[in-house]
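# Fold and geometry: a report
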Amino acid sequence: MSEVVLPWMTVTLLGSSWVGGRLQAWADRFAEDLPKQPEAKGPIRVFNLGQGGFTSSQILAQKVPLACALKSTHVFIDPGHVNSAADTGGGPAVSRAQTLADLAAMVAALRADNPGVIITLCTMNSISAASLTIHPAYADYVADLLAYAALEGLDVVDTYALQAHPLDPALTYGAGAFAIAPTATFLALPDGAGWNAADKASNVVLTHVEAGAVVRTAGIGNVRGNTALAGKRHFEWRVDLKGGSYPAIGVANAAASLTAYVGADNNGLALFADGNVYRNGANQGAAFSVAAGDVIGVEIDVAAKLAYFMKGVTRTAGFDLSALGAGPLYPAASKNAVGSGGLARFTPSGDGLHLVDRAEVDAHLYGPILTHYRGRMAGFWPA
């Protein structure tokens, strides 16, 4: 009896920022996760041809020929509509009519190369309120895509429809500058930096990975960041004293307790709500008063082993980090009251177009796409 050889399912991802730009992490994970799904009865390969910043015309000219050469069974397309719709004063980068023509040409080329190809179109997420000023007609571009998909009988994953319009600024790259301006030579953390959902006390609930920590049960709870500090870095924390909270913000290494205040031992140093800085439970000196609604800047000079705290135009002298235990330092925060919360910002960089929070990416992009392709896999191989 001869062995049954199952065909390859080849998925090619085409697009701009969704696929090959700031959000590429989901696409890399997709390539790893797809073969692990229960519907994956045969061999699978995923090719990523995304390019952040590309318009529909650039995708058509530079990426579609490559996709055709791959002889894909399935092609996922974010057609670059958000970049086509960008208008900085001289009209959109690519007109609606041309963008629609570009999309039709993409589909025609892929079908000519492989008449059986399954094409899925994806709308990009909503954009921030600030970015609407240079994307005034973006909703119309999305409507054009959806109408074309219906006309041609194409699959659609409409992530645009799953989100509020515009996006909550707290969830977007480029949501605004730091409230406390960094000192010269101090930099924001890299894009994607935020709280570590796997490195927190059980009573800390993250409302967003990259912004916010909420304690819903009594007792002290800490959370550490997901990105080790290197060089000279700046981040900030908006204090929320709601519910009698007694917050602390600072830095800690991986050995610091998650159920004792940051600064309670020699694995961390933090500014407390009483206005003093603590290390190993000992007062290292006063900084400034801290009240609800205050934004506190934190600057860490890793090489010099110094920490600075900022409020308004006031910047403290450096607090010594040299006595801390070994290992990389991470942003760290403590809370101790029911329902208390606080908002951190680790990076304001970017253009305001893209989700920054990973939980939001999963909810509005990755989850629906993975579910869609699980459905497609279910009918791809012989039963």
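Note: the structure precedes this text.
Residues numbered from 1 in each chain as written. Predicted model: local features only at pLDDT ≥ 70, side-chain atom pairs only at ≥ 80, totals over all residues. Heavy atoms only, no water.

## Some points on the sheet that holds strand S1 (residues 9-14)
The five strands are arranged S2-S1-S3-S4-S5 in an open sheet whose pairing can be described as parallel. Each of the sheet's edge strands pairs with one partner strand only, and the pair in question is strand S2 (44-48) and strand S5 (155-158). Going from strand to strand, the sheet's axes swing by 20° on average, the running direction of each strand aside. Running over the sheet, helix H2 (residues 24-33) touches S1, S2 and strand S3 (74-77) and is turned about 160° from S2. (Pairing = 2+ DSSP bridges. Helix = DSSP H or I, 4+ residues; strand = E, 2+ residues; numbered from the N terminus. Axes fitted to C-alpha atoms, helices over the stretch in contact; angles between N-to-C directions. Contact = heavy atoms within 4.5 Å.)

## Some details on the environment of Leu13
Among the secondary structure elements, Leu13 is positioned in strand S1. Judged by relative accessible area, Leu13 falls into the buried class, the value being 1%. Sequence separation of Leu13 and Pro136 is 123 residues, and the distance between their C-alpha atoms is 27 Å. (Buried < 20%, exposed > 50% of the residue type's maximum accessible area, 1.4 Å probe, protein only.)

## A short note on the packing of aromatic side chains
Two measures describe an aromatic ring pair: the distance that separates the ring centres and the angle between the ring planes. One pass over the structure, following the stated rule, counts 13 aromatic pairs. Their ring planes at 65° and their centres at 5.6 Å tell us that Phe30 and Tyr373 sit as a pair that is edge-to-face. Separated by 343 residues along the polypeptide, Phe30 in helix H2 and Tyr373 in helix H7 (residues 358-378) bring together distant segments of the chain. Pair check on accessibility: Phe30 and Tyr373 agree, each one buried. An aromatic cluster of three or more residues is present, and its members are Trp26, Phe30, Phe76, Tyr366 and Tyr373. The ring centre of Trp8 lies 4.6 Å from the NZ or CZ of Arg45, which sits over that ring. The cationic tip of Arg315 hangs over the ring face of Tyr308; the distance from NZ or CZ to the ring centre is 3.8 Å. (Phe/Tyr/Trp six-rings, centres within 6.5 Å; stacked < 30°, edge-to-face > 60°. Lys NZ or Arg CZ within 6 Å of the ring centre and 35° of its normal.)

## Examining the nonpolar core
Formed by 35 residues in total, the largest nonpolar core has its most connected members in Trp26, Phe30 and Ile369. Those elements that place two or more of their residues in this core are S1, helix H1 (17-20), H2, helix H6 (138-152) and H7. For this core, the element with the highest residue contribution is H7, accounting for seven residues. In this view, Phe30 contacts Val11, Leu13, Val46, Tyr366, Ile369, Leu370 and Tyr373; residues no more than four positions away in its chain are not counted. (Core = buried A, V, L, I, M, F, W, Y, C linked by side-chain atoms within 4.5 Å.)

## Considering helix H5 (residues 96-113)
For H5, which comprises 18 residues, the first-to-last C-alpha distance of 26 Å matches the rise-based estimate of 26 Å (1.5 Å per residue) to within 8%. Taken together, the buried positions of H5 are occupied by Thr99, Asp102, Leu103, Met106, Val107 and Leu110. Down the axis of H5, the sector holding all buried residues measures 130°, keeping them to one side. In H5, the exposed positions that point more than 90 degrees away from the buried face belong to Ala97 and Ala112. If you follow the buried residues of H5, they end up packed against S1, helix H3 (56-69), S3, helix H4 (81-84), strand S4 (118-123) and H6. (Expected span 1.5 Å × (residues − 1). Arc of directions from axis to C-beta.)

## A word on the packing of H3 against H5
Helix-helix packing is characterised by the crossing angle of the two axes and by the distance between the axes. Closest axis-to-axis distance for the H3/H5 pair is 10 Å, and the angle between their directions is 5°. When the interaxial angle is binned, H3 and H5 end up roughly parallel. Contacts between H3 and H5 involve Ser56, Ser57, Ile59, Leu60, Val64, Ala67 and Cys68 from the first element and Gln98, Thr99, Asp102, Ala105, Met106, Ala109, Leu110 and Asp113 from the second. Here the contact of H3 with H5 is built from residues that sort into nine nonpolar, four polar and two charged. (Parallel < 35°, antiparallel > 145°, perpendicular 65-115°, else oblique. Nonpolar A, V, L, I, M, F, W, Y, C, P; charged D, E, K, R; others polar.)

## Comments concerning the packing of H5 against H6
In the contact formed by H5 and H6, the axes pass within 10 Å of each other and the chain directions differ by 35°. By crossing handedness, the relation of H5 to H6 is classed as right-handed. Contacts from Arg96, Thr99, Leu100, Leu103, Ala104, Val107 and Arg111 of H5 reach H6 at Asp140, Tyr141, Asp144, Leu145, Tyr148 and Glu152. Class assignment for the residues of the contact of H5 with H6 results in seven nonpolar, one polar and five charged. (Left-handed = near helix turned anticlockwise from the far one by under 90°.)

## Structural notes on H3
The terminal C-alpha atoms of H3 lie 19 Å apart, and with 14 residues this matches the ideal 20 Å at 1.5 Å per residue to within 8%. Remark: the principal bend of H3, roughly 45°, maps to Lys63, with a proline, Pro65, within the next four residues. Those residues of H3 hidden inside the fold are in contact with S1, H4 and H5. Phi for Lys71, located one or two positions after H3, is positive at around 55°. (Bend = angle between axes of the 7 residues up to and from the residue.)

## Considerations on the pattern of salt bridges
Taken as a whole and judged by the stated rule, the model has eight salt bridges. In this structure, Lys71 engages Asp113 in a salt bridge whose closest nitrogen and oxygen atoms are separated by 2.8 Å. Note that Lys71 is positioned in the loop between H3 and S3 and Asp113 in helix H5, a separation of 42 residues in sequence. On the accessibility criterion, Lys71 (51% relative accessible area) is exposed. Among the residues examined, Asp113 registers a relative accessible area of 23% and is labelled partly exposed. The salt bridge involving Glu152 is made with Arg111; its shortest N-O contact spans 2.8 Å. Of this pair, Glu152 sits in helix H6 while Arg111 sits in helix H5, placing them 41 residues apart in sequence. For Glu152, a relative accessible area of 30% puts it in the partly exposed group. Residue class for Arg111 comes out partly exposed when judged on its relative accessible area of 30%. (Salt bridge = Lys/Arg side-chain N within 4 Å of Asp/Glu carboxyl O.)

## Considering the sheet that holds strand S7 (residues 195-200)
The strands that make up a sheet pair up through hydrogen bonds in the backbone, lying either parallel or antiparallel. A sheet is described by the order of its strands in space; here seven strands give the open sequence S7-S10-S20-S12-S13-S14-S15, paired in antiparallel fashion. Lying at the two open borders of the sheet, with one neighbouring strand each, are S7 and strand S15 (282-286). Along the sheet, successive strands turn relative to each other by an average axial angle of 30°, direction set aside.

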